[in-house]
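So the chains spell out like this:
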Amino acid sequence: MADHKRIDDVTGTATSGHEWDGIEELDTPMPRWWLWSLYATIVWGIVYVILYPAWPMIHGATEGVLGWSSRGQLEQEMQADAQRRAPVMNAIAATAIADLPAKPELMQAAVQGGAAAFRVHCVQCHGAGGAGVKKLYPSLTDDDWLWGGDLSTIEYTITHGIRNPDHKETRTSQMPAFGHDGILEPAQIADVVSHVRVISHQEKPSASSARGAVLFEANCAVCHGPAGNGGREVGAPKLTDAIWLYGGDRASITATVTQPRNGVMPRWNSRLDPVTIKMLAAYVYSLGGGEKAPTPAMAAATAEGPGTEGRGADGQP
Amino acid sequence: MASPEDLTGEHGSLYAARKGVYPKKVDGPFRRFKWAIMAVTLAIYYGTPWIRWDRGPHAPDQAVLVDLANRRFYMFQIEIWPHEFYYVAGLLIMAGIGLFLVTSAVGRAWCGYACPQTVWTDLFQHVDRLIDGDRNAQIRLANGPWTAEKIAKRTLKYAIYLTVAFWTGGAWIMYFADAPTLTQDFWSGQAAPVAYVTVAVLTATTFVLGGFLREQVCIYMCPWPRIQTAMMDEKSLLVTYKDWRGEPRGSVKKAEKNPGAFGDCVDCNQCVAVCPTGIDIREGPQIGCITCALCIDACDSVMAQVGRPRGLIDYCTLDDAATEKAGGVAPPIRKTLFRPRTLIYFGLWGAIGLAMLFALGQRTRLDLAVQHERSPLYVQLSDGAIRNNYTLKLRNMELRPRDVEVTLSGLPGARLWTEDGARETAGQSLRLPLAPDSVTSAKLFVVAPGAGPARQDFTIAVRALDDDPRGDRETIQFDRPGTEP
């Protein structure tokens, strides 16, 4: 078939010799610029192979005479980026965390940096967006804080952690295992649970809750307060609100009183630099539950009514 | 005339050298029309960035500006934001349908008159004539030895090519930054690297494509001729050699000796000599013809000299060609322009244009976008209420600062505040100041009583607190714990 090369009469072009059902393929020559472009790409390819890493070997690849590598470039870019961020990071480092909100741009930078650090170090327990995990890890987005929700307090909590045995500045407190250690009888625990569910508006007062109130006064009030409003200096949760870290139903509260969890959070000053911790605190603060100033250790019963309807939120700071 | 061998090079060769095209100077109505189009298109291209347009202190004063850095597109009174890119899409669709319209009506008019490749090639061919002389002088010089004169002429010519090419690349970048400032920065070496790179690339492409590749771009590189052949029909205008009138060819002398034996074509080859793509139109319709109609000018002037009627080569549709060949009289050209196909294209084109104008007139310059934060979907608060978080984006597209009011409705007992606001004073609406020509982003917290359906739609609305109260609203979901209803 390939022998039938000839000159096509109509076009005067040589045929390639390919023929199918009487249709022949013309061997039209390429334009010269096209051929030159092809040669240029070949030259480009050779030059590239010499200059850049290209040829795969068993352990690695040819290095190229320019010494360029993608890892090296990444290293450079990371350094350049660190340098670019240095002024902001230095400014954050030099600002006391309580003063950050007064500098909106710095605060915004801190919140963004904190969001990135949060995704690396915190989401494993506290969940994406700080939502927490029911019955395990507290939500960081609500308005209820075990140890306090202003910037300085959050920073302290992140820095020193909670119940770290190797660190004396860590936040620490221990709820006794009333059931497990036999401090209270199961029937007494049931009475205390009734009382707790009454003050949290989940049950109506009963004879059991009345007996529980006495037991509460004797065993629980020292940390949780006489009214059950919690105590932040020992991280004692407020028992009168709607937020229950380990569950607010009868079985869950009974389990907690019998054998408390005494949750642990790692201290981060051993792993993160102070600026990162500061940015993390700013981010957690920004999630919606941040408190303006340190609140008194014993929270007073808040009676925050629903918003006045139809009124504009004028006069905001 | 060139034999097929001349056109395709030596057999067996890997490549075919370009055959030089040295179009002869010609004058006539189409040439003058081409001049006019060239003047207008070049004036628009080079001049537009220099038109000033006062927009006040918050926006640049350039009439036509593609502000990539700030993601704005300015065109006289109109300012386009990235999310309004559909206007640009609409313009592109109009340009597409416009090409259908023009091509179905008058064939490859775009190629022959308005295509940048044609315009710059034409410009460079005038430079050739200015430096080297007309066709014959150019051929002599091209084939001649490298004398000092040839070197000097080539140097001068390429210098002019480069100047034009540089100016072309330089004009392009003016559309992307304030032209006077950029010019100053450019020459003092302070412009962005991308400006220099763009100018260098466009200078190189103009120099190579316009100065050297020329008709090869149209014949080998450009996809448009292939598409156009599919869009034309037997009622589209083509540059046509009327072979039924011209053939057989013969010189005036031969025709005088044998009256009646020859057609009107005197085989003077002027149509070939003036063709910028170097084709012979007498071989029939072909892809190399860009319908610039310079051959019509050339042929008409020859016909006038030998005293024969004009229009041996003329704009003619395939239908009209068939009619004339059969001895009939073709209808006037304007009748062929108005037919269902062109009218439908025109209707479509006009409808899109009107719809865009209407949308442009109706658009609000205050835009709201609300996004529900999904992690967490909702937050349980200590007083039993439920909080949902949203990201609020407010676009103030006017060139003045504005105060706006954000209001929620359809969610009983709900309050809202932003991260900057005090949650204690939260209510059903809040006020925000918006900077001019900018997007303001805010975290929005909405609190509603804990009792209620698991999913509830409500509305967030924004309106301006000034003389133009038009705003925007969006319906979005509020989530609570519990099962779906």
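What counts, and at which threshold
- Residues numbered from 1 in each chain as written.
- Chains lettered and ligands numbered in written order.
- Predicted model: local features only at pLDDT ≥ 70, side-chain atom pairs only at ≥ 80, totals over all residues.
- Heavy atoms only, no water.
- pLDDT = per-residue confidence, 0-100.
- Phe/Tyr/Trp six-rings, centres within 6.5 Å; stacked < 30°, edge-to-face > 60°.
- Lys NZ or Arg CZ within 6 Å of the ring centre and 35° of its normal.
- Helix = DSSP H or I, 4+ residues; strand = E, 2+ residues; numbered from the N terminus.
- Buried < 20%, exposed > 50% of the residue type's maximum accessible area, 1.4 Å probe, protein only.
- Polar contact = N/O pair within 3.5 Å; in protein donor to acceptor, adjacent residues only side chain to side chain.
- Expected span 1.5 Å × (residues − 1).
- Contact = heavy atoms within 4.5 Å.

Considerations on the confidence of the model for chain B
A residue-level look at chain B finds 96% of positions with pLDDT of 70 or above and a mean pLDDT of 90. Model confidence for the complex: the whole-complex pTM is 0.71, and ipTM, which rates the interface, is 0.74.

Comments concerning the packing of aromatic side chains
Under the counting rule described, the total for this entry stands at 30 aromatic pairs over all chains. Taken together, the ring pairs in this structure connect Tyr 45, Tyr 46, Trp 120, Trp 167, Trp 172, Tyr 175 and Phe 176 of chain B into an aromatic cluster. The ring of Trp 268 of chain A carries Arg 271 of chain A above its face, with NZ or CZ at 4.9 Å from the centroid. We note Arg 72 of chain B situated over the ring of Trp 81 of chain B; from NZ or CZ to the ring centre the distance is 3.5 Å.

Digging into the side chain of Asn 229 of chain A
Residue and element names in this part refer to chain A. Relative to the helices and strands, Asn 229 is located in the loop between helix 8 (221-224) and helix 9 (250-258). The class for Asn 229 is buried, based on a relative accessible area of 13%. A polar side-chain atom of Asn 229 sits 3.1 Å from a polar atom in the side chain of Thr 240.

A word on helix 6 (residues 186-199) of chain A
In an α-helix there are 3.6 residues to a turn, and that puts residues three or four apart on one side. All names here are of chain A. Taking 1.5 Å per residue as the helical rise, helix 6 with its 14 residues ought to reach 20 Å, and the 20 Å between its terminal C-alpha atoms agrees with that figure. The buried fraction of helix 6 amounts to 10 of the 14 residues, a majority that puts the element mostly inside the structure. Those residues of helix 6 that sit buried are Ile 189, Asp 191, Val 192, Val 193, Ser 194, His 195, Val 196, Arg 197, Val 198 and Ile 199. Buried residues along helix 6 sit against helix 7 (207-219) and helix 9. Phi turns positive one or two residues past the end of helix 6, at His 201, with a value near 60°.

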